[in-house]
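# Architecture at a glance
Now for the letters of each chain:
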Amino acid sequence: DVKVTQSSRYLVKRTGEKVFLECVQDMDHENMFWYRQDPGLGLRLIYFSYDVKMKEKGDIPEGYSVSREKKERFSLILESASTNQTSMYLCASSLQPPADTQYFGPGTRLTVL
Amino acid sequence: RKEVEQDPGPFNVPEGATVAFNCTYSNSASQSFFWYRQDCRKEPKLLMSVYSSGNEDGRFTAQLNRASQYISLLIRDSKLSDSATYLCVVNRVGYSTLTFGKGTMLLVSP
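Below is a short write-up of the structure. Remember, predicted model here, so these are calculated numbers, not experimental data. Residue positions are counted from 1 within each chain, in the order its sequence is given. Key to labels: chains lettered from A, ligands numbered from 1, both in the order written. Residue-level local features of this predicted model are given only where pLDDT is at least 70; pairs of side-chain atoms are given and counted only at 80 or more, and the full residue set underlies all totals for whole chains, interfaces and linings. Remark: hydrogens and water are excluded; side-chain values derive from all non-hydrogen atoms of the structure.

Grid spacing is 1 Å over the protein atoms alone, the probe is 1.4 Å, and a cavity is where that probe fits but cannot get out, while a pocket is an open set with protein on both sides within 12 Å along at least five of seven lines and lining residues have an atom within 4 Å of a point. Grid points are joined across faces, edges and corners, and a volume is the space filled by probe spheres set on the points. According to the stated counting rule, one finds one cavity of 30 Å³ or more in the structure shown. The space that makes up the largest cavity amounts to roughly 70 Å³. Arg9, Tyr10, Met88, Pro106, Gly107, Thr108 and Arg109 of chain A together with Arg41 of chain B together form the lining of the largest cavity. The residue makeup of the lining of the largest cavity, split by class, is three nonpolar, two polar and three charged. Under this grouping Gly is polar, as are all residues other than the nonpolar Ala, Val, Leu, Ile, Met, Phe, Trp, Tyr, Cys and Pro and the charged Asp, Glu, Lys and Arg.

Here it is, written out as structure tokens:
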């Protein structure tokens, strides 16, 4: 079974802090994705990556950056956390875009105070 | 028109009932379609892909209507465990990503 893990289930940070969210997949998938999910807005794509050291902006990249130094690991970085970044963050991976199934991690619920 | 639209529900049905959800998509060039299921406070998980000829997996049947640009999910003999939010997912044409609908909530009661 594909396993996607995220570093924290719950995280509380203060405004202005730099925040790192880590995601690791164990199936040698090429593609990895970061989403945020908010009530009434659904899943929105922040960034994605098709290969090591490669990244592409999604629909809402402002305020975020990413890093993919190894194939299995995709990090989401909030350079200076703000209260409007309080959300559920979900990482996913897939073998081949766009038709292949995306497998999600359990999510990180981030609260920025 | 939004890329993927779903009725948010909730759909309240008794155990054993048959329930159907529809989802419309805006781009006629879309090629890949899925239904995902998301339980409360959990991550989305693939329920089934949707094929052009329609497909069935146990109590679940998915249909694609390209002419009208919608996909449907039919659940027969609903179980309490079917209570969840069902996400309609379509590939984004011109981009190698997926677009997720906001979901339809299903509540199955005893």
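Next, the rest of the story.
This part takes up the sheet that holds strand S1 (residues 4–6) of chain A. All names here are of chain A. One bridge is not enough; two strands pair if DSSP finds at least two bridges between them. Where helices and strands are cited, they refer to DSSP runs of H or I of at least four residues and of E of at least two residues respectively, numbered from the N terminus. Taken in spatial order, the four strands of this open sheet run S1-S3-S8-S7, and their pairing is antiparallel. Two strands close off the open sheet at either side, each with one partner strand: S1 and strand S7 (64–70). Neighbour-to-neighbour, the strand axes of this sheet turn through a mean angle of 20°, independent of strand direction. By the bridge criterion, three bridges tie S1 to strand S3 (residues 19–25) in an arrangement that is antiparallel. By the bridge assignment for S3, valine 4 is matched with glutamine 25. A fitted line through C-alpha atoms serves as each axis, taken over the contacting stretch for helices, and the angle formed by two N-to-C directions is quoted from 0 to 180°.

Another aspect to go through is the pairing of S7 of chain A. Residue and element names in this part refer to chain A. As judged from the five bridges shared by S7 and strand S8 (residues 73–78), these two strands associate in the antiparallel manner. Considered in S8, the bridge of tyrosine 64 is made with leucine 78. Between the end of S7 and the start of S8, which pair antiparallel, lie two residues.

So, about the side chain of serine 94 of chain A. With respect to the element layout, serine 94 of chain A can be found in strand S9 (residues 87–94). The class of serine 94 of chain A is buried, set by a relative accessible area of 1%. Relative accessibility decides the category of a residue: with a 1.4 Å probe and only protein chains considered, values under 20% of the type maximum give buried, values over 50% give exposed, and everything between is partly exposed.

The next point concerns the sheet that holds strand S6 (residues 55–57) of chain B. Residues and elements named next belong to chain B. Overall, antiparallel pairing links the five strands, which are arranged S1-S3-S8-S7-S6 in an open sheet. Sheet topology places strand S1 (4–6) and S6 at the edges, where each strand pairs with a single neighbour. Sheet twist, expressed as the mean angle between neighbouring strand axes with direction ignored, is 20°. With six bridges joining them, strand S3 (residues 19–25) and strand S8 (residues 70–75) adopt antiparallel strand pairing.

This next bit is on the packing of aromatic side chains. Pairing of aromatic side chains requires ring centres within 6.5 Å, counting the rings of Phe and Tyr and the six-membered ring of Trp. Pairs whose planes differ by under 30 degrees are stacked, by over 60 edge-to-face, and all others tilted. With the rule as written, the count across this model stands at 13 aromatic pairs over all chains. Seen from their ring centres, phenylalanine 104 of chain A and tyrosine 36 of chain B are 6.2 Å apart, and the 90° between their planes marks the pair as edge-to-face. Linking phenylalanine 104 of chain A in strand S10 (residues 103–104) with tyrosine 36 of chain B in strand S4 (residues 33–38), this pair reaches from one chain into another. Exposure remark for tyrosine 36 of chain B: the relative accessible area of 0% places this residue in the buried category.

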